[in-house]
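Here is how the chains run, residue by residue.
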Amino acid sequence: MVCNRCITAVTQVFDQIGLHPDHVTLGEVTIPQTDIPPQTIEHLDTSLVALGFERIDDRRARLIESIKNTVIRIVHNPDGIDRKFNWSHLLSEALHYEYNYLSNLFSSVEGITLEHYIIRQKIERVKELLFYDELSLSEIAHTLGYSSVAHLSGQFKKVTGLTPSELKKSRESEAQRKPLDKIA
């Protein structure tokens, strides 16, 4: 799962190894050290893997991770974001690359289009909101930037095989939910 607890866990691993991070965000750690001994890196990798994380040290892989983290942040923490934004513009601005490059890179590495990844993230958020039963379907549609409840319901059914109402009635949503970092 991608959350603040993950950030805390990663920070603790770095601190325990003696690599005190300057900054830790979802998918990125900045440390002041530049010349790290190979055995320290190996110890770091082992410690991170034990917690279900991995260190990414390749530019393309870091960019893919940045794309995923940006999408997750926007879908799952929408505070202060206009729901009528354009994904291609937002991702290009946030990551400083042309959207076509980001989209092609994402598709070639992940085996799924960036658009489908965004849709799947949104559907996971809908499942979460339905499970906690705090918002109506209309409010969920508005919160996630859908043009209508019908659009949300159609996309939801296409991805899950159920309508939001059917899922809500069945209460099997917890078993059907996926960890955010496992959506592909």
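Heads up: the structure comes first, above all this text.
Our subject in this report is the structure included herewith. (Residues numbered from 1 in each chain as written. Predicted model: local features only at pLDDT ≥ 70, side-chain atom pairs only at ≥ 80, totals over all residues. Heavy atoms only, no water.)

1. What about unusual backbone geometry?
At His-96, a residue that is not glycine, the phi angle is positive and equals roughly 65°. Taking the relative accessible area as the measure of exposure, His-96 reaches 67% and is therefore exposed. A positive phi angle is found at Asp-133, which is not glycine, with a value near 55°. (Buried < 20%, exposed > 50% of the residue type's maximum accessible area, 1.4 Å probe, protein only.)

2. A few points about the environment of Arg-5
Positionally, Arg-5 belongs in helix H1 (residues 4-17). A relative accessible area of 64% means that Arg-5 is categorised as exposed. Along the chain, Arg-5 and Val-126 lie 121 residues apart, while their C-alpha atoms are 22 Å from each other. (Helix = DSSP H or I, 4+ residues; strand = E, 2+ residues; numbered from the N terminus.)

3. Overview of the pattern of salt bridges
Under the definition given, this model contains 4 salt bridges. The residue Lys-68 makes a salt bridge to Glu-110 at a minimum N-O spacing of 3.1 Å. In this pair, Lys-68 sits in helix H3 (residues 59-76) while Glu-110 sits in helix H5 (residues 99-110), placing the two residues 42 residues apart along the sequence. Judged by relative accessible area, Glu-110 falls into the partly exposed class, the value being 24%. A salt bridge links Lys-127 to Glu-124; the shortest N-O distance between them is 3.0 Å. With Lys-127 and Glu-124 both in helix H6 (residues 114-132) and 3 residues apart, the pair spans about one turn of that helix. Each member of the pair Lys-127 and Glu-124 is classed as buried. (Salt bridge = Lys/Arg side-chain N within 4 Å of Asp/Glu carboxyl O.)

4. Comments concerning helix H2 (residues 38-50)
Compared with an ideal rise of 1.5 Å per residue, which puts 13 residues at 18 Å, H2 spans 18 Å between its outermost C-alpha atoms and is within 8% of the ideal. Along H2, the residues that are buried comprise Thr-40, Leu-44, Ser-47 and Leu-48. The arc that holds every buried residue of H2, seen down its axis, measures 95°, which confines them to one face. Facing away from the buried side of H2 by over 90 degrees, the exposed positions are Pro-38, Gln-39, Glu-42, Thr-46, Val-49 and Ala-50. Where the residues of H2 are buried, they touch H1. Looking one or two residues past H2, Gly-52 carries a phi angle of roughly 90°, positive in sign. (Expected span 1.5 Å × (residues − 1). Arc of directions from axis to C-beta. Contact = heavy atoms within 4.5 Å.)

5. Regarding the nonpolar core
The tendency in soluble globular proteins is for nonpolar side chains to be buried as a group. Counting 32 residues, the largest nonpolar core has Ile-67, Val-71, Trp-87, Leu-91, Phe-106, Val-126 and Ile-140 as its most contacted members. The biggest single contributor to this core is H6, with 8 residues. Among residues more than four places away in sequence, those in contact with Phe-106 are Ile-64, Ile-67, Lys-68, Gly-111, Ile-112, Thr-113, Leu-114 and Tyr-117. If you look at the next biggest cluster of nonpolar residues, it comprises 10 residues, including Ile-7, Ile-17, Leu-19 and Leu-48. (Core = buried A, V, L, I, M, F, W, Y, C linked by side-chain atoms within 4.5 Å.)

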